[in-house]
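Per-entry structural report
Here is what each chain is made of, one letter per residue.
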Amino acid sequence: MRGAPGKVERAMAVQSKPMTVEEFDRFVALPENAERLFEYIGGEVVQVVSNQRSSRIAARIIGFLFAYLQQHDIGFLTSSDGGYQIAGERYIPDVAFVSRSRQAEPSDQAYGPVPPDLAVEVLSPSDDPHDVRVKVGNYLAAGTVVWVIDPERKLVEVYAPGQPVRKVGVDSVLDGGEVLPGFTLAVKDIFAA
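Attention in this report is confined to the structure presented alongside it.

1. Focus: the sheet that holds strand S12 (residues 166-169)
Pairing is mixed in the open sheet, where 6 strands are placed in the order S4-S7-S9-S10-S11-S12. Only two strands of the sheet have a single partner each, and these edge strands are strand S4 (75-78) and S12. The sheet shows a mean angle of 15° between the axes of neighbouring strands, taken without regard to direction. Bridge analysis of S4 against strand S7 (residues 95-99) gives 4 bridges, and the strand direction is antiparallel. Bridging across to S7, Gly75 finds its partner in Ser99. The strands touched by helix H2 (residues 52-71) within the sheet are S4, S7, strand S9 (118-122) and strand S10 (145-150), with S4 carrying the most contacts at an inclination of about 165°.

As structure tokens, this is what we get:
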């Protein structure tokens, strides 16, 4: 979830107690934090750092989604530098899609106020499973579909509001559902060498 899409590492010595979202917003605005990205998950500051394997997977997904959006001009993509305000927290998905019906143009705020229609989170060894569960739950509450990409298991978990989780394996095809009508992607292509 950072730099190039990568993943999360707990920020060391950043806080001694949980922060409020207002304190978080002031913290990330400090000059010494200008070159770093952070998420605010459950009152905690989480620094987002790169991981080449996760980054490569996220870049591949961006490529496939970009090609689809070239043919279907229904919204825009953001990468791991685009943040969102979700349920009072601050998240930076590896990839996100926002439809024009929800937001006409990208926000110039560090953490845009409109939740994405689709958030893609590519897991890495440094991810905290609790943080991932919290984020998925909050994304769902905000009406966001979430694809959690597991490089180790070569699996995509699809979370959609009001629906059971769907696991899509490497020999199956991922589809865009109502968010990206007509979009399909062979899961093996996500993990291709």
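2. Considerations on the packing of aromatic side chains
Tallying each qualifying case throughout the model produces 6 aromatic pairs. Aromatic side chains Phe24 and Tyr40 sit 5.2 Å apart centroid to centroid with 35° between the ring planes, which places their arrangement in the tilted category. In this pair, Phe24 is assigned in helix H1 (residues 21-28) and Tyr40 in strand S2 (residues 37-41), connecting sequence segments 16 residues apart. Comparing Phe24 with Tyr40 shows no difference in burial state: the two are buried. Relative to Phe183, the ring of Tyr68 lies with its centre 5.4 Å away and its plane at 80°, an arrangement referred to as edge-to-face. Remark: Phe183 occurs in the loop between strand S13 (173-175) and strand S14 (184-186) and Tyr68 occurs in helix H2; sequence separation between them is 115 residues. Here the two residues Tyr68 and Phe183 agree in accessibility, since each one is buried. Here a set of aromatic residues connected by ring pairs shows up, and it is made of Phe24, Tyr40 and Tyr111. Above the plane of the ring of Tyr91 lies Lys135, whose end atom (NZ or CZ) is 5.5 Å from the centre.

3. Things to note about the pattern of salt bridges
By the definition in use, this model includes 8 salt bridges. Across the pair Lys135 and Glu39 runs a salt bridge, and its minimum N-O distance is 2.9 Å. Of this pair, Lys135 sits in helix H3 (residues 129-141) while Glu39 sits in strand S2, and the two are 96 residues apart along the sequence. Assigned by exposure class, Lys135 and Glu39 land together as buried.

4. Some thoughts on the nonpolar core
Formed by 25 residues in total, the largest nonpolar core has its most connected members in Trp147, Ile149, Val156 and Ile190. Counting residues per element, this core draws most heavily on H2, at 6 residues. Beyond its immediate sequence surroundings of up to four residues, Ile149 is in contact with Ile57, Ile61, Val120, Glu121, Val122, Leu123, Leu155, Val156, Ile190 and Phe191. The next biggest cluster of nonpolar side chains, apart from the first, holds 13 residues, and it includes Val46, Ile86, Ala96 and Val146.

5. A closer look at the environment of Ala58
Tracing the backbone shows Ala58 in helix H2. Classification of Ala58 by relative accessible area gives buried; the value is 0%.

The rules we used
- Position labels on residues start from 1 in each chain and follow its written sequence.
- Since the coordinates come from a predicted model, pLDDT governs what is reported: local features require at least 70, and pairs of side-chain atoms require 80 or more to be given and counted, while whole-chain, interface and lining totals use all residues.
- To get the side-chain values, take all heavy atoms of the structure and skip hydrogens and water.
- Note on pairing: DSSP must find at least two bridges between two strands before they are called paired.
- In DSSP terms, a helix is any run of H or I states spanning at least four residues, a strand is any run of E spanning at least two, and both are numbered starting from the N terminus.
- Interaxial angles span 0 to 180 degrees and are taken between N-to-C directions of axes, which are lines fitted to C-alpha atoms, for helices over the stretch in contact.
- Between two residues, a contact is recorded if the distance between any of their heavy atoms is within 4.5 Å.
- Each aromatic pair joins two rings of Phe, Tyr and Trp (for Trp, the six-membered one) with centres within 6.5 Å, and gets the label stacked for planes under 30 degrees apart, edge-to-face for over 60, and tilted for any other angle.
- Burial status follows relative accessibility: with a 1.4 Å probe on protein chains alone, a residue under 20% of its type maximum counts as buried, one over 50% as exposed, and anything between as partly exposed.
- Lysine and arginine charges are scored as sitting over a ring when NZ or CZ, respectively, is within 6 Å of the ring centre and within 35 degrees of the ring normal.
- We define a salt bridge as a side-chain nitrogen of Lys or Arg found within 4 Å of a carboxyl oxygen belonging to Asp or Glu.
- Throughout this description, the term nonpolar core refers to a set of buried Ala, Val, Leu, Ile, Met, Phe, Trp, Tyr and Cys residues connected via side-chain atoms within 4.5 Å.

Any functional reading would require information that these geometric values do not contain.
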